[in-house]
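These are the residues of each chain, in order.
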Amino acid sequence: MKTKIILDVDPGHDDAVAILLAAKHESLDLRGITVVAGNQVLEKTVQNTLNMCSMAEIDVPVYAGQASPLFRDQEVAANIHGESGLDGPQFPESTKQVEAQGAVDFIIEECLKYDKELVLIPTGPLTNIALALIKEPRIKKGIKEIVLMGGAYGLGNHTPSAEFNIYVDPEAAHVVFESGLPVTMVGLDLTHQAKAYPHVVERIKQINSPVAKVVVELLEFFGFTYERVFGFEAPPLHDVCAVAYVIDRSLIKTRKLPVVIDTNKGPCYGRTVCDFYGVTGKPANVDVALELDQDRFWDLLIETLQKY
Ligand code: RIB
Ligand code: CA
């Protein structure tokens, strides 16, 4: 039985590779791709999603979501993903069109079809997911779990305290983390274990297909900005980790912890505060990703890319 999923993205280089994995792996039934503003403004993240789907011949509906966070001003990550949000490859004009239905309404409509069966995989700011939960709380009956890329129990990346996806819309993150739904947080402490080192890029290059060529071009640009901004020796494929976990739970070790979102407008705004020692006495509400089986992770991604 395939796992029914909705992928909520803000492409974004790592989102783009996550789309390729989610659309092709035989264990997943990708019901739709919803798009949110994040790495770039909504118009660009939607176009990037359409370009990726068109290039890879992915026949999955794409829905445009929220152009700005619930309360705060939009922030983008052009320093990491470039002016287009997906700098590096040159994409031919996309033949794919965005759906007329909005992302939030699609999420609501799709969730209401099921009984604890749909897995939501947000890999950008959580605005679309939060709004769907606010607009129609009944959707919880259809959601099996939310496996999100975001947060960190260690260092942030957009501020010293906060990871980008959470920081862009902390109030939306609060809605999701306090929803009572099973939430798995695939944060930076995990995703920084998924760095695409040269030997990984070489394996992808050896696939020698148009899709693999685009992935290599994405990684080259992503690697350049991660080296310039963070001094990393290779770019981490954050969002791919969340999709990989839904495919194979044995790839990632997790621990259930109390996690709250700091929505105070101070230096820790948007921080995912993870209570490892239980000192708060709060209930453990989130499965926090700790350790990645890197070899099997790359094997999974590369084996799936070979199917394009
Ligand atoms: O902090 C990393 C996350 O922010 C990734 O999802 C990346 O695509 C950006 O959205
Ligand atoms: Ca993302």
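Structural data are supplied above this passage.
Residues numbered from 1 in each chain as written. Chains lettered and ligands numbered in written order. Predicted model: local features only at pLDDT ≥ 70, side-chain atom pairs only at ≥ 80, totals over all residues. Heavy atoms only, no water.

Colleague: Explain the overall build of the protein residue by residue, including any values.
Modeller: When helices and strands are tallied, the protein shows 12 helices and 10 strands. Against the compact-globule benchmark of 19 Å for 308 residues, the protein has a radius of gyration of 18 Å, which places it among compact chains. Projecting the C-alpha coordinates of the protein onto the three principal axes gives extents of approximately 55 × 40 × 40 Å. Split into buried and exposed, the 308 residues of the protein put 59% on the buried side. Pairs at least 24 residues apart make up 83% of the contacts formed inside the protein by residues separated by at least 6 positions. Per element, the accessible surface of the protein, about 12,200 Å² overall, is 51% carbon and sulfur. (Helix = DSSP H or I, 4+ residues; strand = E, 2+ residues; numbered from the N terminus. Rg over C-alpha atoms; globule rule 2.2 N^0.38 Å. Buried < 20%, exposed > 50% of the residue type's maximum accessible area, 1.4 Å probe, protein only. Contact = heavy atoms within 4.5 Å. Areas by Shrake-Rupley, 256 points an atom, 1.4 Å probe, with all protein chains shown as cover.)

Colleague: Please set out the coordination of the calcium ion (ligand 2) residue by residue, giving values where relevant.
Modeller: Around the calcium ion (ligand 2), the protein supplies D10 (OD), D15 (OD), D15 (OD), T123 (O) and D239 (OD) as donor atoms, at distances of 2.2 to 2.6 Å. Each donor residue of the calcium ion (ligand 2) belongs to the same chain, and together they define the spacing D-x4-D-x107-T-x115-D. Taken together, the positions of T123 in the loop between β4 (118-122) and α5 (127-135) and D239 in helix α11 (residues 238-247) put the pair 116 residues apart, joining distant regions of the chain. By relative accessible area, which is 1% here, D239 ends up buried. (Donors = N, O, S within 2.8 Å, 3.2 Å for Na, K, Ca; no water.)

Colleague: Talk me through the pattern of salt bridges; I want residue IDs and the actual numbers.
Modeller: Counted by the stated rule, this structure contains 16 salt bridges. Notably, a salt bridge pairs E145 with R249, separated by 2.5 Å at the nearest N-O pair. Residue E145 is found in strand β5 (residues 143-149), and its partner R249 is found in the loop between α11 and β7 (252-257); the two are separated by 104 residues along the sequence. Residue class for E145 comes out buried when judged on its relative accessible area of 8%. Residue classification places R249 among the partly exposed residues on the basis of a relative accessible area of 33%. Between R203 and D299 there is a salt bridge; the shortest N-O distance is 2.8 Å. Of this pair, R203 sits in helix α9 (residues 198-205) while D299 sits in helix α12 (residues 294-305), and the two are 96 residues apart along the sequence. Residue R203 is classed as partly exposed on the basis of its relative accessible area of 36%. (Salt bridge = Lys/Arg side-chain N within 4 Å of Asp/Glu carboxyl O.)

Colleague: Account for the site of ligand 1, naming residues and giving values.
Modeller: Surrounding ligand 1, one finds 13 residues, the nearest of these being D14, N157, E163, N165 and D239. One of the side-chain nitrogen or oxygen atoms of N39 is found 3.0 Å away from an oxygen atom of ligand 1. Interatomic distance of 2.9 Å between a backbone N/O atom of T123 and an oxygen atom of ligand 1. About the coverage of ligand 1: the protein hides 98% of its 280 Å² of free accessible area. (Near = heavy atom within 4 Å. Polar contact = N/O pair within 3.5 Å; in protein donor to acceptor, adjacent residues only side chain to side chain.)

Colleague: How would you sum up the packing of α9 against α12? Please name residues and give values.
Modeller: Between two packed helices, the angle of one axis relative to the other and the distance separating the axes together describe the packing. Relative to each other, α9 and α12 sit at 20°, their axes nearing to 10 Å. Comparing their axes, α12 and α9 come out roughly parallel. The crossing of α9 and α12 is right-handed. Of α12, the residues touching α9 (which contributes V200, R203 and I204) are W298, D299, I302 and L305. Each residue belonging to the contact of α9 with α12 can be placed in one class, and the counts come to 5 nonpolar, no polar and 2 charged. (Axes fitted to C-alpha atoms, helices over the stretch in contact; angles between N-to-C directions. Parallel < 35°, antiparallel > 145°, perpendicular 65-115°, else oblique. Left-handed = near helix turned anticlockwise from the far one by under 90°. Nonpolar A, V, L, I, M, F, W, Y, C, P; charged D, E, K, R; others polar.)

Colleague: Kindly report on the sheet that holds strand β3 (residues 62-64), identifying the contributing residues and their values.
Modeller: Taken together, the 8 strands give an open sheet; going across it, the order is β3-β2-β1-β4-β5-β6-β10-β7, and neighbouring strands pair in mixed fashion. Of all strands in the sheet, those bounded by a partner on one side alone are β3 and β7. Each adjacent strand pair in this sheet contributes to an overall mean axis angle of 25°, direction not counted. Taken together, the 3 bridges between β4 and β5 define a ladder with parallel strand orientation. Directly across from V119, in β5, lies its bridge partner E145. (Pairing = 2+ DSSP bridges.)

Colleague: Tell me about the side chain of T123, and name the residues and values.
Modeller: The buried category is assigned to T123, whose relative accessible area is 1%. In this structure the side chain of T123 is engaged in a polar contact, spanning 2.8 Å, whose partner is the side chain of D15.

Colleague: So what about α9? Which residues, and what values?
Modeller: Those residues of α9 lying buried are V200, V201 and I204. Burial along α9 is one-sided: seen end-on, the buried residues are contained in an arc of 100°. Across α9 from its buried face, at more than 90 degrees, point the exposed residues P198 and H199. The elements touched by buried residues of α9 are α10 (210-230) and α12. (Arc of directions from axis to C-beta.)

Colleague: Give me the pairing of strand β6 (residues 183-186): which residues, what numbers.
Modeller: Both faces of β6 are covered, namely the face carrying V183 and M185 and the face carrying T184 and V186. Here 4 bridges tie β5 to β6, and the two strands are oriented parallel to one another. Bridge pairing in β6 links L148 to M185. One ladder, built from 3 bridges, connects β6 with strand β10 (residues 286-292); its direction is parallel. When the sheet's bridge partners are listed, T184 is paired in β10 with D287.

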